[in-house]
Every structure is written in C-alpha cells, then in structure tokens.
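Residue-level structural notes
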Amino acid sequence: LQESDLSMLVTPVGDLSRLPGLLDRRSVDGIIVTGYAPPAELKKLFKNLPAVYVYNIHSGNTEAIKADRVVPDNAAIGEMAASYLIGQKCKSAVFLDPSPSHPEFKIRGEVFSKSFGKSGGKVQSLIYGKGKTDDRITDPDMKEGILEQQVDQLITMDGIDSLFIPSDRLTARAYAYLRKK
C-alpha cells in the first residue's frame, strides 16, 4: 500500500442507514466489505465506489451479490481435509454437518466424502438440523452442549478414527472438547 501511496482504513458500520463519517467519498477510492452481505439500503450508499467483498455467508450464491468477491475455495477445503486424514492413515471418517442447508458446507462435505472414499476409506455423515431452512450457524444451532453430545456419540461408534466438521469455529470447539476427554 505504501509503495502505491495508498492507505487503509478499517471501520465498523454501526448504522446500516448511512456510511460511517470516515468514508468521505472525496478521499476514498474503494472499499473492502467483510462479513455477511450488507443489506440493499447500505449497498445503495456505496454503489459508486469500487467494492470487493471478502467472504460472505452466501459465497456459493452468485445471484446474491454482483460484485468482486474473495471467497474460500470450498471444494479445496473438502479435498484438503480428506488428503490430510488419508495422510494420517485414517480409514473411517465422520462428516459432521452442523447446518445442512449451508451451501458452502454442502460442497465441502461432498468433496470430502468423494475424496476420502477414493482412497478406500468410509465416510458416515451425521447431519444436524435436517429440514432446517436457515443456512446460518447461530448459537441456537450449535449451542453449548449440542456439539459435545454429537462428539460423545461419535466416540461410541465402532471403527471411527477421524472427524471432519466444515466449520472452523465448531472444529476448534470439538477439538478442545476431545482434548478434555
């Protein structure tokens, strides 16, 4: 940035009806938006500014945002998880899906299962919230205790030697829980 005589400003948006005062159009050449997709009324406020979205919950939905986006490669995430577990000599995995209508998790799980299966491994899927229509993982979805109950269930399953959860936050929680066991 410095070499190009540019600077960066990071600011939260507290009021979705207006841009923060720091974003003076005379001194801002573009914006990077992170997190969930902003509501339509906020997008209108910066429609004339070049914008790049860095990951939003609907990264698989190309209709949701017609803008430049940086999103995770969900297929690569599933492939990497399978490759890692195969490299660890795992033969029987569980794919724990905390939100079955989440499009990114679906891709990660499908690729994981296919890749792990190609190596001769077996994958069992445990789906939380079948029939759920909201794709966001909110506290009620995996509130304290639910994930842990599922991990306890996995521990009792014969032959399971690995686990793939397509959410980094829930993977960290499951890992911490397993370390206590």
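Residues numbered from 1 in each chain as written. Predicted model: local features only at pLDDT ≥ 70, side-chain atom pairs only at ≥ 80, totals over all residues. Heavy atoms only, no water.

Points about the environment of Gly-78
- Position of Gly-78 relative to the elements: it lies in helix H2 (residues 74–87).
- For the pair Gly-78 and Arg-108, spaced 30 residues apart in sequence, the C-alpha separation works out to 4.3 Å.
- Here Gly-78 is in contact with Arg-108, Val-111, Phe-112 and Phe-164, once residues within four sequence places are set aside. (Helix = DSSP H or I, 4+ residues; strand = E, 2+ residues; numbered from the N terminus. Contact = heavy atoms within 4.5 Å.)

Thoughts on the pairing of strand E1 (residues 31–34)
- With burial as the criterion, only one face of E1 is covered, namely that bearing Ile-31 and Val-33; the residues Ile-32 and Thr-34 on the opposite face remain uncovered.
- In this sheet, strand E2 (residues 51–54) lies alongside E1 in parallel orientation, the contact comprising 4 bridges. Looking across to E2, one finds that Ile-32 is bridged to Val-52. (Buried < 20%, exposed > 50% of the residue type's maximum accessible area, 1.4 Å probe, protein only. Pairing = 2+ DSSP bridges.)

Overview of the nonpolar core
- Judged by nonpolar contacts, Val-94, Leu-96, Leu-126, Leu-147, Val-151, Leu-154, Ile-165, Leu-170, Ala-174 and Tyr-177 together constitute the single largest core of 10 residues.
- Elements that contribute at least two residues to this core include exactly strand E4 (92–97), helix H4 (146–156) and helix H5 (168–180).
- Grouped together as the second largest cluster of nonpolar side chains are 9 residues, Ala-82, Leu-85, Ala-93 and Phe-95 included. (Core = buried A, V, L, I, M, F, W, Y, C linked by side-chain atoms within 4.5 Å.)

A look at the pairing of strand E5 (residues 122–127)
- Here E4 pairs with E5 via 6 bridges, running parallel. When the sheet's bridge partners are listed, Phe-95 is paired in E5 with Ser-125.
- With respect to chirality, the unit in which E4 leads through helix H3 (residues 103–118) into the neighbouring parallel E5 is right-handed. (Right-handed = clockwise from strand over helix to strand, strands pointing away.)

Regarding the packing of H4 against H5
- Here H4 crosses H5 at 60 degrees, and the two axes come no closer than 10 Å. Between H4 and H5, the interaxial angle falls into the category oblique. In the crossing of H4 with H5, the sense of the turn from one axis to the other is right-handed. For the pair formed by H4 and H5, the contact residues are Leu-147, Glu-148, Val-151, Asp-152 and Ile-155 on the first element and Leu-170, Arg-173, Ala-174, Tyr-177 and Leu-178 on the second.
- Classifying every residue of the contact of H4 with H5 by side-chain character gives 7 nonpolar, no polar and 3 charged. (Axes fitted to C-alpha atoms, helices over the stretch in contact; angles between N-to-C directions. Parallel < 35°, antiparallel > 145°, perpendicular 65-115°, else oblique. Left-handed = near helix turned anticlockwise from the far one by under 90°. Nonpolar A, V, L, I, M, F, W, Y, C, P; charged D, E, K, R; others polar.)

Points about the sheet that holds strand E6 (residues 162–164)
- The parallel open sheet is built from 3 strands, whose spatial order is E5-E4-E6. This sheet does not close on itself; its edge strands, each paired only once, are E5 and E6. Direction aside, neighbouring strands of the sheet carry axes that sit 25 degrees apart on average.
- Its contacts with the sheet place H3 against E4, E5 and E6, and it is angled at close to 170 degrees to E4.

Purely geometric stuff here, so don't read any function into it on its own.
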